Amino acid sequence: MAQSQGQGRWLIKLIVLKKVFLALVLLAISFAALFGQSHYAELSDFAQTWGQADRELLSHMAEQGTLLGPTRLIRLAIASAVYSGLILLAAWATWTGRHWGEWLLVGVLALALPLEVIHLLHEPSPRTAIVLGLTVLGMVFTLKQAMRSSRHH
C-alpha cells in the first residue's frame, strides 16, 4: 500500500510539472496578447517584418492578433493570466502537499475538458485525441488521489 502511495505521489508531481509548463506558456500568451493590444496599430507591420526575417512564429502571432482585434486581445490576455494563476496555485499547493491543492488541480483539469472536447470536434486528429485522453486520465487519477487524501484527513 505504501508503495502505491509513493507511485501515486510521483505521478501527481509529474502532472503538476506538466501543468506548470502549461501555465508558463499561458503567461507568455497573456503577455503577447497584452503587447498586441497595446501595439494593435502596428501588428500588421510587425507581421510583415517578422515574416521577412524568418520569424514565422512571431509573424503568425501578429497576424492572429490582427484577426482578433484589440478588445478580444485584452480578453485573451486577462483570461490567460487568470487561468495561469489558477494552475500555478494548484501546482504549488499540490506539490507542497496541501490537500486543497489536489482538489483545485482536479478543478483546473475539469475546466480544460470542454475546450479540449470542442477542439477535438473541430479539429479531429490523433494529437487532439491524445491530449484529451491525457487530461481525462490526469483528472481521474488526481480525483482518486484527492479522495484518498480526504479519507486520511
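For the structure itself, consult the block above.
Residues numbered from 1 in each chain as written. Predicted model: local features only at pLDDT ≥ 70, side-chain atom pairs only at ≥ 80, totals over all residues. Heavy atoms only, no water.

S.K.: Summarise the layout of surface pockets; cite the residues concerned and give the values.
M.R.: It is the rolling of a water-molecule-sized probe over the atoms that shows where space remains empty. Taken as a whole, the second largest pocket spans an internal volume of roughly 250 Å³. Taken together, Leu11, Leu14, Ile15, Lys18, Lys19, Leu109, Leu134, Thr135, Leu137, Gly138, Val140 and Phe141 form the lining of the second largest pocket. Secondary-structure elements contributing two or more residues to the lining of the second largest pocket are helix 1 (2–38) and helix 6 (126–152). Of the residues forming the lining of the second largest pocket, the biggest block, 6 residues, is contributed by helix 6. The residue makeup of the lining of the second largest pocket, split by class, is 8 nonpolar, 2 polar and 2 charged. (1 Å grid on protein atoms, 1.4 Å probe; cavity = no way out; pocket = protein on both sides within 12 Å on 5 of 7 lines; lining within 4 Å. Points joined across faces, edges and corners; volume = space filled by probe spheres on them. Helix = DSSP H or I, 4+ residues; strand = E, 2+ residues; numbered from the N terminus. Nonpolar A, V, L, I, M, F, W, Y, C, P; charged D, E, K, R; others polar.)

S.K.: Tell me about helix 4 (residues 70–95), residues and numbers included.
M.R.: Relative to the 38 Å expected for 26 residues at 1.5 Å per residue, helix 4 spans 37 Å between its end C-alpha atoms, a close match to the ideal helical length. Those residues of helix 4 not exposed but buried are Leu73, Ala77, Ser80, Tyr83, Ser84, Ile87, Ala90, Ala91, Ala93 and Thr94. Directly beyond the C-terminal end of helix 4, a positive phi value near 80° is found at Gly97. (Expected span 1.5 Å × (residues − 1). Buried < 20%, exposed > 50% of the residue type's maximum accessible area, 1.4 Å probe, protein only.)

Interpretation note: all reported values are geometric properties and have no functional meaning in isolation.
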